[in-house]
Amino acid sequence: MSPVSSRADDQDVIDYRQHIMKTMNEEAAAIAQILQQKIPAADFATHAEILAITAATAKKAFEPKVPGGEAKPVLWANWKDFSKRLDDLTAATADLARKAKEGGMAAAAPRVQSALTCDSCHDIYREKKD
Ligand code: HEC
(Lines give C-alpha, C1' and ligand atoms only; values in the text may rest on other atoms or scores of the structure.)
Protein backbone atom coordinates (compact mmCIF):
# COMPACT_ATOMS: atom_id res chain seq x y z
CA MET A 1 0.00 0.00 0.00
CA SER A 2 1.43 3.40 -0.91
CA PRO A 3 1.89 6.08 1.76
CA VAL A 4 -0.65 8.24 -0.05
CA SER A 5 -3.47 5.72 0.20
CA SER A 6 -2.63 4.94 3.82
CA ARG A 7 -2.97 8.65 4.66
CA ALA A 8 -6.35 8.63 2.93
CA ASP A 9 -7.37 5.64 5.07
CA ASP A 10 -6.41 7.54 8.20
CA GLN A 11 -8.49 10.51 7.09
CA ASP A 12 -11.45 8.17 6.59
CA VAL A 13 -11.05 6.89 10.15
CA ILE A 14 -10.99 10.46 11.48
CA ASP A 15 -13.94 11.53 9.32
CA TYR A 16 -15.96 8.55 10.49
CA ARG A 17 -15.52 9.19 14.23
CA GLN A 18 -16.33 12.87 13.64
CA HIS A 19 -19.55 11.87 11.84
CA ILE A 20 -20.53 9.85 14.91
CA MET A 21 -19.78 12.76 17.24
CA LYS A 22 -21.78 15.15 15.02
CA THR A 23 -24.75 12.79 15.00
CA MET A 24 -24.68 12.65 18.80
CA ASN A 25 -24.46 16.43 18.86
CA GLU A 26 -27.57 16.82 16.71
CA GLU A 27 -29.53 14.35 18.82
CA ALA A 28 -28.43 16.02 22.07
CA ALA A 29 -29.50 19.36 20.57
CA ALA A 30 -32.93 17.98 19.66
CA ILE A 31 -33.33 16.62 23.19
CA ALA A 32 -32.34 20.01 24.63
CA GLN A 33 -34.99 21.72 22.48
CA ILE A 34 -37.59 19.32 23.83
CA LEU A 35 -36.52 19.89 27.43
CA GLN A 36 -36.77 23.64 26.86
CA GLN A 37 -40.27 23.08 25.46
CA LYS A 38 -39.38 24.74 22.17
CA ILE A 39 -40.64 21.78 20.17
CA PRO A 40 -43.17 19.02 20.90
CA ALA A 41 -42.00 16.18 23.13
CA ALA A 42 -43.66 13.42 21.11
CA ASP A 43 -40.37 12.08 19.72
CA PHE A 44 -38.30 12.38 22.88
CA ALA A 45 -37.87 8.61 23.23
CA THR A 46 -36.87 8.27 19.59
CA HIS A 47 -34.14 10.90 19.92
CA ALA A 48 -32.89 9.24 23.09
CA GLU A 49 -32.75 5.94 21.24
CA ILE A 50 -30.86 7.37 18.25
CA LEU A 51 -28.40 8.93 20.68
CA ALA A 52 -27.91 5.60 22.46
CA ILE A 53 -27.46 3.66 19.22
CA THR A 54 -24.95 6.22 17.96
CA ALA A 55 -23.01 6.22 21.23
CA ALA A 56 -22.68 2.45 20.90
CA THR A 57 -20.77 2.89 17.62
CA ALA A 58 -18.22 5.37 18.98
CA LYS A 59 -15.70 3.05 20.63
CA LYS A 60 -15.09 0.98 17.52
CA ALA A 61 -14.63 4.18 15.53
CA PHE A 62 -11.74 5.26 17.79
CA GLU A 63 -10.22 1.78 18.06
CA PRO A 64 -7.91 2.12 15.03
CA LYS A 65 -6.10 4.69 17.22
CA VAL A 66 -5.37 7.13 14.43
CA PRO A 67 -4.03 10.43 15.79
CA GLY A 68 -5.39 13.65 14.29
CA GLY A 69 -8.57 15.61 14.01
CA GLU A 70 -9.34 17.19 17.36
CA ALA A 71 -8.22 14.13 19.33
CA LYS A 72 -5.55 15.07 21.86
CA PRO A 73 -2.51 12.75 21.84
CA VAL A 74 -3.13 11.92 25.51
CA LEU A 75 -6.22 10.02 24.37
CA TRP A 76 -4.11 7.20 22.93
CA ALA A 77 -1.89 7.08 26.01
CA ASN A 78 -4.98 6.89 28.25
CA TRP A 79 -6.95 4.53 26.03
CA LYS A 80 -8.28 2.53 28.98
CA ASP A 81 -9.83 5.60 30.59
CA PHE A 82 -11.03 7.01 27.27
CA SER A 83 -12.72 3.79 26.14
CA LYS A 84 -14.32 3.32 29.55
CA ARG A 85 -15.85 6.78 29.20
CA LEU A 86 -17.38 5.70 25.88
CA ASP A 87 -18.67 2.49 27.48
CA ASP A 88 -20.20 4.57 30.27
CA LEU A 89 -21.82 6.95 27.77
CA THR A 90 -23.22 3.96 25.88
CA ALA A 91 -24.68 2.48 29.07
CA ALA A 92 -26.08 5.78 30.35
CA THR A 93 -27.73 6.72 27.05
CA ALA A 94 -29.16 3.19 26.67
CA ASP A 95 -30.65 3.55 30.15
CA LEU A 96 -32.00 6.99 29.23
CA ALA A 97 -33.61 5.60 26.07
CA ARG A 98 -35.20 2.77 28.03
CA LYS A 99 -36.56 5.15 30.66
CA ALA A 100 -37.90 7.46 27.95
CA LYS A 101 -39.67 4.58 26.23
CA GLU A 102 -41.16 3.13 29.39
CA GLY A 103 -41.81 6.22 31.50
CA GLY A 104 -41.75 9.10 29.04
CA MET A 105 -40.44 12.57 29.77
CA ALA A 106 -41.21 12.41 33.47
CA ALA A 107 -38.95 9.41 33.97
CA ALA A 108 -36.17 10.37 31.60
CA ALA A 109 -35.80 14.15 31.71
CA PRO A 110 -34.12 14.27 35.14
CA ARG A 111 -31.45 11.86 33.88
CA VAL A 112 -30.45 13.70 30.72
CA GLN A 113 -27.80 15.88 32.30
CA SER A 114 -26.00 13.09 34.09
CA ALA A 115 -26.20 10.79 31.05
CA LEU A 116 -24.61 13.30 28.69
CA THR A 117 -20.98 13.21 29.80
CA CYS A 118 -19.90 14.87 26.56
CA ASP A 119 -18.17 17.92 28.03
CA SER A 120 -16.27 16.13 30.77
CA CYS A 121 -14.61 13.94 28.14
CA HIS A 122 -14.01 16.82 25.72
CA ASP A 123 -12.31 18.80 28.50
CA ILE A 124 -9.62 16.14 28.70
CA TYR A 125 -9.42 14.52 25.29
CA ARG A 126 -10.61 16.99 22.66
CA GLU A 127 -8.65 19.89 21.27
CA LYS A 128 -11.37 22.21 20.06
CA LYS A 129 -10.04 23.81 16.91
CA ASP A 130 -12.96 26.03 15.90
C1 HEC B 1 -15.01 9.51 25.75
C2 HEC B 1 -14.84 10.86 25.26
C3 HEC B 1 -15.95 11.54 24.53
C4 HEC B 1 -17.28 11.56 24.85
C5 HEC B 1 -17.99 10.89 26.01
C6 HEC B 1 -17.91 12.39 23.85
N7 HEC B 1 -16.98 12.87 22.96
FE8 HEC B 1 -17.34 14.14 21.44
N9 HEC B 1 -15.39 14.05 20.89
C10 HEC B 1 -14.40 13.34 21.54
C11 HEC B 1 -13.15 13.47 20.82
C12 HEC B 1 -11.83 12.82 21.19
C13 HEC B 1 -13.41 14.27 19.71
C14 HEC B 1 -12.43 14.68 18.59
C15 HEC B 1 -12.51 13.61 17.48
C16 HEC B 1 -11.64 13.93 16.27
O17 HEC B 1 -11.63 15.09 15.82
O18 HEC B 1 -11.03 13.00 15.74
C19 HEC B 1 -14.82 14.66 19.80
C20 HEC B 1 -15.46 15.49 18.88
C21 HEC B 1 -16.76 15.91 18.99
C22 HEC B 1 -17.40 16.84 18.09
C23 HEC B 1 -16.74 17.52 16.89
C24 HEC B 1 -16.92 16.62 15.67
C25 HEC B 1 -16.31 17.25 14.42
O26 HEC B 1 -17.07 17.65 13.56
O27 HEC B 1 -15.10 17.36 14.35
C28 HEC B 1 -18.68 17.00 18.53
C29 HEC B 1 -19.73 17.89 17.92
C30 HEC B 1 -18.87 16.13 19.67
N31 HEC B 1 -17.66 15.49 19.93
C32 HEC B 1 -20.05 15.97 20.36
C33 HEC B 1 -20.24 15.08 21.42
C34 HEC B 1 -21.49 14.90 22.12
C35 HEC B 1 -22.77 15.64 21.83
C36 HEC B 1 -21.26 13.96 23.08
C37 HEC B 1 -22.21 13.41 24.12
C38 HEC B 1 -23.48 12.91 23.72
C39 HEC B 1 -19.87 13.57 22.98
N40 HEC B 1 -19.29 14.26 21.97
C41 HEC B 1 -19.28 12.65 23.82
C42 HEC B 1 -14.56 12.62 22.71
C43 HEC B 1 -15.77 12.37 23.35
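Scroll up to find the structure.
The shown structure was predicted, so the numbers you read here are calculated from the model rather than taken from an experiment. (Residues numbered from 1 in each chain as written. Predicted model: local features only at pLDDT ≥ 70, side-chain atom pairs only at ≥ 80, totals over all residues. Heavy atoms only, no water.)

Turning our attention to the coordination of the iron atom of the ligand. At this site the iron atom of the ligand is bound by Met21 (SD) and His122 (NE2), with donor distances of 2.1 to 2.3 Å. The site at the iron atom of the ligand holds 6 donor atoms, and with the angles between them running 87 to 179°, its shape is octahedral. Here methionine 21, found in helix H1 (residues 3-35), pairs with histidine 122, found in helix H6 (residues 118-125); they are 101 residues apart in sequence, far enough to count as distant. Judged by its relative accessible area of 26%, methionine 21 falls in the partly exposed class. (Donors = N, O, S within 2.8 Å, 3.2 Å for Na, K, Ca; no water. Tetrahedral: all angles 85-135°; square planar, octahedral: opposite > 155°, others 65-115°. Helix = DSSP H or I, 4+ residues; strand = E, 2+ residues; numbered from the N terminus. Buried < 20%, exposed > 50% of the residue type's maximum accessible area, 1.4 Å probe, protein only.)

To continue, consider the layout of surface pockets. Unfilled space is identified by rolling a water-sized probe across the atoms. Quantified by volume, the largest pocket comes out at close to 670 Å³. If you go around the largest pocket, you meet 24 residues; those closest to its centre are Met21, Lys22, Glu70, His122 and Arg126. When contributions to the lining of the largest pocket are tallied by element, the ones reaching two or more residues are H1, helix H4 (79-108) and H6. In terms of residue count, H1 provides more of the lining of the largest pocket than any other element does, 8 residues in total. (1 Å grid on protein atoms, 1.4 Å probe; cavity = no way out; pocket = protein on both sides within 12 Å on 5 of 7 lines; lining within 4 Å. Points joined across faces, edges and corners; volume = space filled by probe spheres on them.)

Let us look at unusual backbone geometry. With phi around 60°, glutamine 37 is a residue other than glycine that occupies positive phi space. Judged by its relative accessible area of 71%, glutamine 37 is exposed.

Inspection of the region around the ligand gives 21 residues, with Arg17, Met21, Cys118, Cys121 and His122 positioned closest. Using a 2 Å cut-off from the grid points, one finds that the ligand occupies the largest pocket. If you list the elements that add at least two residues to the shell around the ligand, you get H1, H4 and H6. Counted by class, the shell around the ligand contains 11 nonpolar, 5 polar and 5 charged residues. (Near = heavy atom within 4 Å. Sits in = over half its atoms within 2 Å of the grid points. Nonpolar A, V, L, I, M, F, W, Y, C, P; charged D, E, K, R; others polar.)

This is a description of form; function is not addressed.
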